[in-house]
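As a plain string of letters, each chain reads:
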Amino acid sequence: MNTKSRLVPLLLAIAVILGIGIGLFYANHFSGNRLNIINTGSNKLNYLLQIIDNNYVDTINVNDLVEEAMPTILSELDPHSSYIKASDAEESTEELKGSFSGIGVRFTVQKDTVNVMTVIKGGPSEKVGVLAGDRIIAADDSTLIGMENREIMKRLRGPKNSKVKLTICRNGHKKPLTITVVRGEVPVESVDSYFMLDKHTGYISIESFGENTYPEMLTALAQLNVRGMKNLVIDLRGNRANR
């Protein structure tokens, strides 16, 4: 019994030393791997996200983190490289293809208010009497005052043949007007206008780039050539390619 009693402390000491040794081995092994992971090749971002996901003190939505990081990464390339979120891809595709379903107006936001710049000829808004200069303050029950352009477009666009009730302030009217517009296909014209500046100089204004830009440009060039064009001015001011 005395021999066993003397061995117990010795065995406990050996077990503690072994435990400390194993702990130090694995700590150094894995911490070394982490440092290597972060500093190796093109997979740095993937490994970094894995480390954040596994070890960060708070719960992190990695997908949201990636969505926020992508625009910053691409901004380091050039002004024409950008990241389009999946939720915005359909809207971008519609503009590139040359049409979308909406109310058929071009607008700007001035002093937090939607100002109609032009009403597209033959579009849904023209049919119900919306005018250039109107100020749209609400769509259905949602106020548009203070909204950003992208959010405003989401309220004004919608499925073909769906209805939207616009609340409009118009010069000469003391009270706001209520006009219901039935959404329809709205063409997106790339070539806004073309004409002769003088006897030999043609002018073409390109408002946006899309699938129809090339054929519209050819049509404009053909018309100007018939009129005797020898010089050409292409106006890209206000082009919406990066909007």
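Residues numbered from 1 in each chain as written. Predicted model: local features only at pLDDT ≥ 70, side-chain atom pairs only at ≥ 80, totals over all residues. Heavy atoms only, no water.

A. Inspection of the overall build of the protein chain at higher detail. Counting secondary structure elements, the protein chain contains seven helices and 11 strands. Put simply, the protein chain has 243 residues, and 26% of those count as buried. Partitioning the contacts of the protein chain with sequence separation of at least 6, the portion at a separation of at least 24 is 52%. Approximately 16,700 Å² of the protein chain is accessible, and the part contributed by carbon and sulfur atoms is 57%. (Helix = DSSP H or I, 4+ residues; strand = E, 2+ residues; numbered from the N terminus. Buried < 20%, exposed > 50% of the residue type's maximum accessible area, 1.4 Å probe, protein only. Contact = heavy atoms within 4.5 Å. Areas by Shrake-Rupley, 256 points an atom, 1.4 Å probe, with all protein chains shown as cover.)

B. Representation of the sheet that holds strand β11 (residues 231–235). Read from one edge of the open sheet, three strands run β9-β10-β11, paired in mixed fashion. Two strands lie at the open edges of the sheet, namely β9 (191–196) and β11, each paired on one side alone. Here the average twist between neighbouring strands, direction ignored, is 15°. (Pairing = 2+ DSSP bridges. Axes fitted to C-alpha atoms, helices over the stretch in contact; angles between N-to-C directions.)

C. Representation of the packing of helix α2 (residues 44–55) against helix α3 (residues 62–74) within the structure. Remark: α2 packs on α3, axes separated minimally by 11 Å, with the N-to-C direction vectors making an angle of 145°. Crossing of α2 against α3: the hand is right-handed. Here α2 contributes Leu45, Leu49, Ile52 and Asp53 to the contact with α3, which in turn contributes Val62, Leu65, Val66 and Ile73. By residue class, the composition of the contact of α2 with α3 is seven nonpolar, no polar and one charged. (Left-handed = near helix turned anticlockwise from the far one by under 90°. Nonpolar A, V, L, I, M, F, W, Y, C, P; charged D, E, K, R; others polar.)

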